[in-house]
Amino acid sequence: MCSLSTTDIKNIRDIWGIVCQNPEENGRTVVIRLFLEYPQTRTYFKNFKNIDTEEGIKESRQVRQHGRRVVMLLSKVIECLEDWDKASTLLSELADRHQQHHKVEVVNFKFLFAALNSVYIDVFGPTFTPDIEASWQKFYSLTYQQLEKCYSTCPSS
């Protein structure tokens, strides 16, 4: 397992500080990207299944609300990067909810991370440097490893 350096944490928080200034809009952008680049992820959202157009996805209040929830939860995890046990607890709760209640397969979190990264590249352009991207990739890897661990230890319903 890789760990995050002080520089990695700074890189992550610098970008995230901008993202979480408008959690609803930025979260919406990420969820839209997730649905457009990984349309199979929409099947887990009963309220989104009947939204057939890109415009419908962009205008959906539920997409906006879910995007805000994504940003707010990631904010809590990012606040705990120096205390990985605390971050792991948050991720365990997330994994349990998604596995038990929503029946979301863990691989979908990889799709979410890819959508986040894609949005960062588009929005931040050259300021999203290879070093900053590498810090985010470490974060995604650590987060995914923890989610996978939780999925493997929680019984499926």
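All figures in this text were calculated on a predicted structure; none of them were measured in a lab.

**A word on the overall build of the protein**
Piece 1. When helices and strands are counted, the protein shows 7 helices and 0 strands.
Piece 2. Along the protein, helices and strands appear, N-terminal first, in the series α-α-α-α-α-α-α.
Piece 3. Whereas a compact globule of 157 residues would reach a radius of gyration of roughly 15 Å, the protein reaches 15 Å, a difference of no more than 12%.
Piece 4. Taken along the three principal axes of its C-alpha coordinates, the protein extends 45 × 40 × 20 Å.
Piece 5. Taking all 157 residues of the protein together, 47% fall into the buried category.
Piece 6. Long-range contacts, defined here as pairs at least 24 residues apart, represent 74% of the contacts in the protein between residues at least 6 apart.
Piece 7. Carbon together with sulfur atoms contributes 52% to the accessible area of the protein, which is approximately 8600 Å² in total.
Piece 8. On the protein, the mean spot of the 19 positive side-chain charges and the mean spot of the 20 negative ones are 6 Å from each other.

**Considering the nonpolar core**
Piece 1. If you look at the biggest cluster of nonpolar residues, it comprises 50 residues, and the most contacted ones within it are Trp16, Leu116, Tyr120, Trp136 and Phe139.
Piece 2. Broken down by secondary-structure element, the contributors of at least two residues to this core are helix H1 (6-19), helix H2 (23-37), helix H4 (61-79), helix H5 (84-101), helix H6 (107-124) and helix H7 (130-153).
Piece 3. In this view, Tyr120 contacts Ile15, Trp16, Val19, Gly125, Phe128, Trp136 and Tyr140; residues no more than four positions away in its chain are not counted.

**Focus on H2**
Counting along an α-helix, one turn takes 3.6 residues, and residues three or four places apart therefore face a common direction.
Piece 1. Between its terminal C-alpha atoms H2 stretches 21 Å, which fits the 21 Å expected from 15 residues at 1.5 Å a residue.
Piece 2. Restricting attention to buried positions, one finds in H2 the residues Pro23, Gly27, Arg28, Val30, Val31, Ile32, Arg33, Leu34 and Phe35.
Piece 3. Those residues of H2 that are buried are in contact with H1, helix H3 (54-59), H4 and H6.

**Notes on the packing of H2 against H4**
Angle between the axes and distance between the axes: these two values describe a pair of packed helices.
Piece 1. Taken N-terminus to C-terminus, the directions of H2 and H4 make an angle of 105°; their axes are 7 Å apart at the nearest point. In terms of their interaxial angle, H2 and H4 are classed as roughly perpendicular. On H4, the residues that touch Pro23, Glu24, Glu25, Asn26, Gly27, Arg28, Val31, Ile32 and Phe35 of H2 are Val63, Arg64, His66, Gly67, Arg68, Val71 and Met72.
Piece 2. The residue inventory of the contact of H2 with H4, partitioned by class, reads 7 nonpolar, 4 polar and 5 charged.

**Some points on the packing of aromatic side chains**
Piece 1. Tallied over the full model, the rule gives 10 aromatic pairs.
Piece 2. Feature note: the residues Trp16, Phe113, Tyr120, Phe124, Phe128, Trp136, Phe139 and Tyr140 constitute an aromatic cluster, connected by ring pairs.

**Re the pattern of salt bridges**
Piece 1. Inspection of every chain in the model, using the stated rule, returns 8 salt bridges.
Piece 2. Three or more residues are tied together by salt bridges with common partners; here these are Glu24, Glu25, Arg28 and Arg64.

**Observations regarding H1**
Piece 1. Across its 14 residues, H1 extends 20 Å between first and last C-alpha, which sits within 8% of the 20 Å expected from 1.5 Å per residue.
Piece 2. When we look at burial in H1, the residues that qualify are Asp8, Ile9, Asn11, Ile12, Ile15, Trp16 and Val19. Burial along H1 is one-sided: seen end-on, the buried residues are contained in an arc of 160°. Exposed residues lying more than 90 degrees from the buried face of H1 are Thr6, Thr7 and Lys10.

So, how was this worked out
- Residues numbered from 1 in each chain as written.
- Predicted model: local features only at pLDDT ≥ 70, side-chain atom pairs only at ≥ 80, totals over all residues.
- Heavy atoms only, no water.
- Helix = DSSP H or I, 4+ residues; strand = E, 2+ residues; numbered from the N terminus.
- Rg over C-alpha atoms; globule rule 2.2 N^0.38 Å.
- Buried < 20%, exposed > 50% of the residue type's maximum accessible area, 1.4 Å probe, protein only.
- Contact = heavy atoms within 4.5 Å.
- Areas by Shrake-Rupley, 256 points an atom, 1.4 Å probe, with all protein chains shown as cover.
- Lys, Arg positive; Asp, Glu negative; His and termini not counted.
- Charge placed at Lys NZ, Arg CZ, Asp CG, Glu CD.
- Core = buried A, V, L, I, M, F, W, Y, C linked by side-chain atoms within 4.5 Å.
- Expected span 1.5 Å × (residues − 1).
- Axes fitted to C-alpha atoms, helices over the stretch in contact; angles between N-to-C directions.
- Parallel < 35°, antiparallel > 145°, perpendicular 65-115°, else oblique.
- Nonpolar A, V, L, I, M, F, W, Y, C, P; charged D, E, K, R; others polar.
- Phe/Tyr/Trp six-rings, centres within 6.5 Å; stacked < 30°, edge-to-face > 60°.
- Salt bridge = Lys/Arg side-chain N within 4 Å of Asp/Glu carboxyl O.
- Arc of directions from axis to C-beta.

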